[in-house]
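Okay, here's what each chain looks like letter by letter:
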Amino acid sequence: MDKRAPDNRSIGVFDSGMGGLTAVRRLHALMPKENIIYFGDTSRVPYGTRGRDTIVKYARQDVAFLRQFDLKAIVIACNTATAVCAESLRAELSMPVVGIEPAVLPGARTTRTGIIGVMATTKTLASAKYRHLKSIAPKEVRIIDCPCPGLMDCVEAGEFRTPHTMALLREYVEPLVEAGADTLVLGCTHYPFLSDAIRLTAGPGIRLIDPAPAVARQLKRRLDEPGLLNDTKKAPARIFCTTDANEARERILRLLWTDNAVLQKLDGSVRP
């Protein structure tokens, strides 16, 4: 039988900040041999408060930066960027482009009370993509939108259980629980890093839905069909880049990834 050579080109992943590392964790768990290049646009976080044209501009710049590497696929690890420009990026690129979106349908299938809360940025909740997801959800399921300004900033600062973070979570989560929601959809890649704090706020029995595992499974399917998976025995590369690499950013990276993670410093010629 003809066996294809392993494809050791990298998977490029980008987000407006460090939140997309939740997607990288899932990619690593499902495809541990793949080389991954992560780019966090931390100097311009968050994207969720930006206008559409600005988000498209930033996403294209992020992709252009990643394409300096030898890529075989791109993951948009940002719900806002996916909602705004995933389709246009797919039309522009000749490689698989996988986005992330609020897991409304899995949440609707999971709920026992028939009520779910969707925690996301204002821009994601206002997007046509999100409205479409709600329109195809079971009509008997009540979906409560919950914009969460400030939560992304808590993760970017490494503040997972500070008084400020817990106060924000009480403001956002408690009304959802009081309304009967038993399932919370985490519609921003930053929010899974607050899962323990969210559960502590919501109380026992709450279910959290993270879309990142589905993104990893989708990308694996997209790579497996044309034989693009990497099956080499060589240790995979993990490269982490941000637009404002400094000691504080590296500290957050190590909190969110591993103790020995290192940010690659970017000079002006390669910055988006």
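That block above? That's the structure.
What counts and how
What you see as residue numbers is a count from 1 along each chain, following the sequence as written. Side-chain atom pairs in this predicted model are given and counted only at pLDDT of 80 or more, local residue features only at pLDDT of at least 70, and totals for whole chains, interfaces and linings cover all residues. Side-chain metrics rest on all non-hydrogen atoms present in the structure, leaving aside hydrogens and water. With a 1 Å grid laid over protein atoms only, a set of points is called a cavity when a 1.4 Å probe fits there but cannot get out and a pocket when it is open yet has protein on both sides within 12 Å along at least five of seven lines; lining residues have an atom within 4 Å of a point. Grid points are joined across faces, edges and corners, and a volume is the space filled by probe spheres set on the points. The numbering of helices and of strands both runs from the N terminus, where a helix is a DSSP run of H or I of at least 4 residues and a strand a run of E of at least 2. Note on residue categories: nonpolar means Ala, Val, Leu, Ile, Met, Phe, Trp, Tyr, Cys or Pro, charged means Asp, Glu, Lys or Arg, and polar means any other residue, Gly included. Here a pair means two rings of Phe, Tyr or Trp (six-membered ring of Trp) with centres within 6.5 Å. Their orientation is stacked below 30 degrees between planes, edge-to-face above 60, and tilted elsewhere. Only protein chains enter the accessibility calculation, which uses a 1.4 Å probe. A residue is then buried if its area is under 20% of the maximum for its type, exposed if over 50%, and partly exposed in between. Comment: the charge-over-ring label is applied if NZ (Lys) or CZ (Arg) is within 6 Å of the ring centre and within 35 degrees of the ring normal. Strands pair, by our definition, only if DSSP identifies at least two bridges between them. Every angle, taken between N-to-C directions, lies between 0 and 180 degrees, and every axis is a line fitted to C-alpha atoms, over only the stretch in contact when it is a helix.

*Asks:* Sorry, what's going on with the layout of surface pockets here?
*Replies:* A probe as big as a water molecule, rolled over the atoms, marks out the empty space that is left. Volume-wise, the largest pocket comes out at about 580 Å³. If you trace the largest pocket, you find 31 residues lining it, with Gly99, Ile100, Glu101, Lys129 and Val215 closest to the centre. Those elements that provide at least two residues to the lining of the largest pocket are helix H3 (79–92), strand S4 (97–99), helix H4 (104–110), helix H6 (128–135) and helix H10 (212–224). With eight residues, H3 is the single largest residue contributor to the lining of the largest pocket. For the lining of the largest pocket, the class distribution of residues is 19 nonpolar, five polar and seven charged. Estimated volume of the second largest pocket: approximately 210 Å³. Lining the second largest pocket are 14 residues; nearest its centre among them are Pro192, Phe193, Leu194, Ser195 and Asp196. Those elements giving two or more residues to the lining of the second largest pocket turn out to be helix H1 (21–30) and helix H9 (195–202). The greatest single-element share of the lining of the second largest pocket, amounting to four residues, is contributed by H9. Partitioned by chemical class, the residues of the lining of the second largest pocket number seven nonpolar, one polar and six charged.

*Asks:* Looking at this model, I keep getting lost on the packing of aromatic side chains. Mind explaining?
*Replies:* For any pair of aromatic rings, geometry is given as the distance between the ring centres together with the angle between the planes. Enumeration over the complete set of coordinates arrives at four aromatic pairs. Ring geometry for Tyr47 versus Tyr58: centroids 5.5 Å apart, planes at 45 degrees, classification tilted. Taken together, the positions of Tyr47 in the loop between strand S2 (36–40) and helix H2 (52–66) and Tyr58 in helix H2 put the pair 11 residues apart, joining distant regions of the chain. A residue is classified by how much of its surface remains accessible, and Tyr58, at 12% relative accessible area, is buried. Judged by centre distance (6.0 Å) and plane angle (75 degrees), the rings of Phe65 and Phe69 are edge-to-face. Residue Phe69 is classed as partly exposed on the basis of its relative accessible area, which comes to 23%. Among the aromatic residues, those joined into a ring-pair cluster are Phe39, Phe65 and Phe69. When the ring centre of Tyr58 is taken as reference, the NZ or CZ atom of Arg44 above it lies at 3.7 Å.

*Asks:* I tried to follow the sheet that holds strand S8 (residues 207–209) on my own but got confused; where do I start?
*Replies:* Each strand in a sheet pairs with its neighbour through backbone hydrogen bonds, running either in the same direction (parallel) or in the opposite one (antiparallel). Strand order in the open sheet formed by four strands is S6-S5-S7-S8, and the pairing between neighbours is parallel. The outermost strands of the open sheet, each flanked by one partner alone, are strand S6 (142–147) and S8. The mean inter-strand angle of the sheet, taken between neighbouring strand axes irrespective of direction, is 25 degrees. Where strand S7 (residues 183–186) meets S8, three bridges bridge the pair, whose relative direction is parallel. Looking at S8, one finds that Thr183 is bridged to Arg207.

*Asks:* Explain unusual backbone geometry here, please?
*Replies:* Outside of glycine, negative phi angles account for most residues, and trans bonds account for most peptide bonds. Following Val45, the chain continues to Pro46 via a peptide bond in cis, the omega torsion being 0 degrees. On the secondary structure map, Pro46 appears in the loop between S2 and H2.

*Asks:* Explain the sheet that holds strand S1 (residues 10–15) here, please?
*Replies:* Taken together, six strands build an open sheet; the order of strands is S4-S3-S1-S2-S9-S10 and the sheet is parallel. The sheet is open, and its two edges are formed by S4 and strand S10 (263–264), each paired on a single side. Across two bridges, strand S9 (residues 238–242) lies against S10 in parallel orientation. The residue bridging Cys241 from the neighbouring strand is Gln264, located in S10.

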